[in-house]
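# What the coordinates show
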Amino acid sequence: MAREFTRVGVVGLGTMGAGIVEVFARNGVDVTAVEISEAALERGRVTLTGSTDRAVAKGKLAEAERDALLARVDFRVGLDALHDVDLVIEAVPEHLDLKQRIFAELDRVCKPEAILATNTSSLSVTEISVATTRPNQVIGIHFFNPAPVMKLVEVVRTVVTSADVVADVEALCERLGKVDVTISDRAGFIANALLFGYLNHAVGMFEARYATREDIDAAMKLGCGLPMGPLALMDLIGLDTAYEILDTMYRRGGRDRRHAPAPLLKQMVTAGLLGRKSGRGFYTYERPGSPKVVPDEYTPPAGDAALADGARAIAKVGVVGSGTMATGIIEVFAKAGYEVISVTRGAEKSAKVCEAVKTSLNKGVVRGKLSETDRDAALGRITWSATLDHLADVDLVVEAVIEELSVKKALFASLDEICKPGVVLATTTSSLPVIDVAMATQRPADVIGLHFFNPAPIMPLVEIVRTIRTSAETSATARAVCATLGKTGVVCGDRSGFIVNALLFPYLNDAVRMLEASYSTADDIDYAMKLGCGYPMGPFELLDVVGLDVSLAIQRELYLELREPGFAPAPLLEHLVTAGYLGRKSGRGFRDHTRR
Ligand SMILES: NC(=O)c1ccc[n+]([C@@H]2O[C@H](COP(=O)([O-])OP(=O)(O)OC[C@H]3O[C@@H](n4cnc5c(N)ncnc54)[C@H](O)[C@@H]3O)[C@@H](O)[C@H]2O)c1
């Protein structure tokens, strides 16, 4: 017979605890909610009522339901109140000694048959369990932030957790409307093991002034469809909690330098900048606990005027290339009202690109996103050519030819001879150093990277890559152009992977390593990232879409440039590529796509 969970206890009503109380009370379970002091208890109560009031305001919860929910919660100071609960979930700060002390005390206070669970993100559940006389009844129940919203729960089974305890907790998760993945006790479990290296890397980028906080966050939201950027997520998690998680993962997870907390984090925690909960972290919030960001001294000035400061006027744009990216970029510029000269390597290629642009514009018309007049006007703005000489009087050239340095360098040398002074020369390279192509010209100050994402007409992001020789005027021009295209331009330095690929691919590579180590399955890892972190696709789904060969090439570049041991491509990824399993395009990658 499965255990009945009629009353549960939650210890610690901070960021996570208050949310966990809400999850139980919403699902008809009585809760004893425990804090260390009256003041902390009151803060927890305010968090819970704030959250349920917001749910009522949004029409997600009826007032009567809210009242019933709140009536199920008994707020108490001190662990003694937990003598009659069937299950306790501990959500106090991420310190092993504190958790061990609490578990020893819970063991003394709680009924012999009660299950004792920790919500730890990175500490060893096994080490916590041995502080009790019932380690077989100790388990990890790792909720995600915000607990009432995120669907995933990681159930962490130690080597001594009883099978019936695991089964009962899994059944309970289902009753709470959650999806659980059950895994063994390893630092960071699935989601945090994949998430925190990425978050720490983003903090490192910000710390090195590689890009602004707004640009790092916008890049990951718009380039990867993530629900929030990494720095905003750090603020939500809490910088003190994030610091402890990273520190524990570093020590438990093989001293991977990528988990050594960025020095800035420690400084911010010491300075009391803990994120949303203290009203200030990477961003400034309306008040402590508020999700609303307010402007501060680092907020960039709003509006196009600021963008255009020092920008050159651009009316005529040359696009060189005939592939997927060039085709999309021609369409983007023509639709935005620019006069476009497309240069390919021959009339046949031009005809193909022209056809592709027409097809894409027609799709826009069919979908009601573009009028026939606007389509015809866009097409009318494009001139088709096979001669670079036609670019003599354009204001901007966007190069999107094959990803080979020698080809790009030769092209830029020719453009240098042909184009008028004052032209901005842009490359769409996604992996080559922009400075290499810039130095093929006599005017490196006018050269910049404009990294569009595929498909260019749809993806809202452009990475604007400044080399150490790019002039402020050229950068301002690139930013102004992106704004007129309706794209968000994020400015970054000229380093392998720019922002998005540098943050994305090591995470994908880590997922492959996790699979390779047989810690979990591709399905569970995909679930964990989608349901725990709100990612639009799991890492294996995404790898199959992007192509394993492309992913491997990017990961190799990152490894070669940054020499970070943790960036070494996962052997499994190399083997799959060697075997011809390249993802959807070859019918098989991590999954078999021929049978679906
Ligand atoms: N923040 C996240 O995004 C997140 C997500 C999943 C899991 N976790 C884990 O959840 C746990 C709690 O993290 P948090 O971010 O909610 O921390 P927090 O600092 O926001 O809250 C911790 C709460 O515990 C209380 N507390 C401290 N000592 C106590 C005691 N002896 N008895 C009762 N209450 C006590 C504090 O007063 C505070 O309210 C950690 O193990 C963390 O790793 C955090």
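Residues numbered from 1 in each chain as written. Predicted model: local features only at pLDDT ≥ 70, side-chain atom pairs only at ≥ 80, totals over all residues. Heavy atoms only, no water.

Turning to its location among the elements, Ile-20 is positioned in helix α1 (residues 15-26). We classify Ile-20 as buried; its relative accessible area is 0%. The spacing of Ile-20 and Met-439 is 419 residues in sequence and 57 Å in space, taken between C-alpha atoms. Ile-20 has contacts with Val-10, Ile-89, Ala-91, Asn-119, Phe-143 and Ala-147, leaving out every residue within four places of it along the chain. (Helix = DSSP H or I, 4+ residues; strand = E, 2+ residues; numbered from the N terminus. Buried < 20%, exposed > 50% of the residue type's maximum accessible area, 1.4 Å probe, protein only. Contact = heavy atoms within 4.5 Å.)

It is worth spelling out the pattern of salt bridges at this point. For the coordinates displayed, the defined rule picks out 40 salt bridges. Asp-256 is the partner of Arg-258 in a salt bridge, and the nearest nitrogen-oxygen pair spans 2.9 Å. Here the two residues Arg-258 and Asp-256 agree in accessibility, since each one is buried. Measuring nitrogen to oxygen at the nearest pair gives 3.5 Å for the salt bridge that ties Arg-280 to Glu-297. A residue pair is termed long-range when its members are at least 10 positions apart, and Arg-280 in the loop between α11 (263-270) and β9 (284-285) and Glu-297 in the loop between β10 (293-294) and α12 (304-308) qualify at 17 residues. A residue is classified by how much of its surface remains accessible, and Glu-297, at 57% relative accessible area, is exposed. One network of salt bridges, with partners in common, ties together Asp-53, Glu-63, Arg-66 and Asp-67. (Salt bridge = Lys/Arg side-chain N within 4 Å of Asp/Glu carboxyl O.)

For the rest of this paragraph, the subject is the site of the ligand. Lining the immediate surroundings of the ligand are 25 residues, of which Met-16, Glu-35, Glu-94, Lys-99 and Ser-121 lie closest. With respect to the ligand, the side chain of Lys-99 contributes an N or O atom lying 2.5 Å from an oxygen atom. Thr-241 has a polar side-chain atom sitting 3.1 Å from an oxygen atom of the ligand. Protein contact buries 88% of the 840 Å² of open area that the ligand shows by itself. Elements supplying a minimum of two residues to the shell around the ligand: α1, α4 (96-109), β6 (138-143) and α10 (239-252). Its residues assigned to classes, the shell around the ligand shows 12 nonpolar, 9 polar and 4 charged. (Near = heavy atom within 4 Å. Polar contact = N/O pair within 3.5 Å; in protein donor to acceptor, adjacent residues only side chain to side chain. Areas by Shrake-Rupley, 256 points an atom, 1.4 Å probe, with all protein chains shown as cover. Nonpolar A, V, L, I, M, F, W, Y, C, P; charged D, E, K, R; others polar.)

Across the interface, α10 lies against α11 with an axial gap of 9 Å and an inter-helix angle of 140°. Classified by the angle their axes make, α10 and α11 are oblique. Taken as a pair, α10 and α11 cross one another with a handedness that is left-handed. Contact residues: Leu-239, Asp-240, Tyr-243 and Leu-246 in α10; Leu-265, Lys-266, Met-268 and Val-269 in α11. When its residues are assigned to classes, the contact of α10 with α11 shows 6 nonpolar, no polar and 2 charged. (Axes fitted to C-alpha atoms, helices over the stretch in contact; angles between N-to-C directions. Parallel < 35°, antiparallel > 145°, perpendicular 65-115°, else oblique. Left-handed = near helix turned anticlockwise from the far one by under 90°.)

The final tally for this structure, using the stated rule, is 0 disulfides. In this structure Cys-224 is a free cysteine whose sulfur lies 13 Å from that of Cys-492, the closest cysteine sulfur available. Since its relative accessible area comes to 16%, Cys-224 is described here as buried. (Disulfide = S-S within 2.5 Å.)

With the exception of glycine, the majority of residues adopt a negative phi angle, and the majority of peptide bonds are in the trans configuration. Here the bond from Asn-145 into Pro-146 is cis, since omega is -5°, no more than 30 degrees from zero. Within the element layout of this structure, Pro-146 appears in the loop between β6 and β7 (152-157). The peptide bond linking Asn-454 to Pro-455 adopts the cis configuration, its omega dihedral lying at -5°. With respect to the helices and strands, the residue Pro-455 is situated in the loop between β16 (447-452) and β17 (461-466). Residues other than glycine seldom take positive phi values, yet Arg-255 does so here, at roughly 50°. Mapping Arg-255 onto the fold places it in the loop between α10 and α11. Despite not being glycine, Arg-563 has its phi angle at roughly 55°, a positive value. Residue classification places Arg-563 among the exposed positions, given a relative accessible area of 63%.

It is worth spelling out the nonpolar core at this point. With 120 residues, the main nonpolar core has Leu-82 and Phe-282 as its most contacted residues. Here the element with the most residues in this core is helix α19 (residues 500-516); it accounts for 11 residues. Leu-13, Val-31, Leu-69 and Leu-176 belong to the second-largest nonpolar core, a separate cluster that totals 38 residues. (Core = buried A, V, L, I, M, F, W, Y, C linked by side-chain atoms within 4.5 Å.)

Here we come to α1. Taking 1.5 Å per residue, 12 residues should reach 16 Å; α1 reaches 17 Å between its end C-alpha atoms and fits that length. Of all the 12 residues making up α1, 10 are buried; the element is thus mostly covered by neighbouring parts of the structure. Along α1, the residues that are buried comprise Met-16, Gly-17, Ala-18, Gly-19, Ile-20, Val-21, Glu-22, Val-23, Phe-24 and Ala-25. Following α1 by one or two positions, Gly-28 adopts a phi angle in the positive range, close to 80°. (Expected span 1.5 Å × (residues − 1).)

Another point: the side chain of Arg-7. For Arg-7, the position within the fold is in strand β1 (residues 7-11). Although Arg-7 lies buried, it forms no salt bridge, and the closest oppositely charged side chain, Asp-30, sits 4.2 Å away as judged by the N-O distance. Among the polar contacts made by the side chain of Arg-7, one reaches the main-chain carbonyl oxygen of Val-31 at a distance of 3.4 Å. What Arg-7 contacts, discounting residues up to four positions off in sequence, is Asp-30, Val-31, Thr-32, Asp-74, Asp-84, Val-85, Asp-86 and Leu-87. (Lys, Arg positive; Asp, Glu negative; His and termini not counted.)

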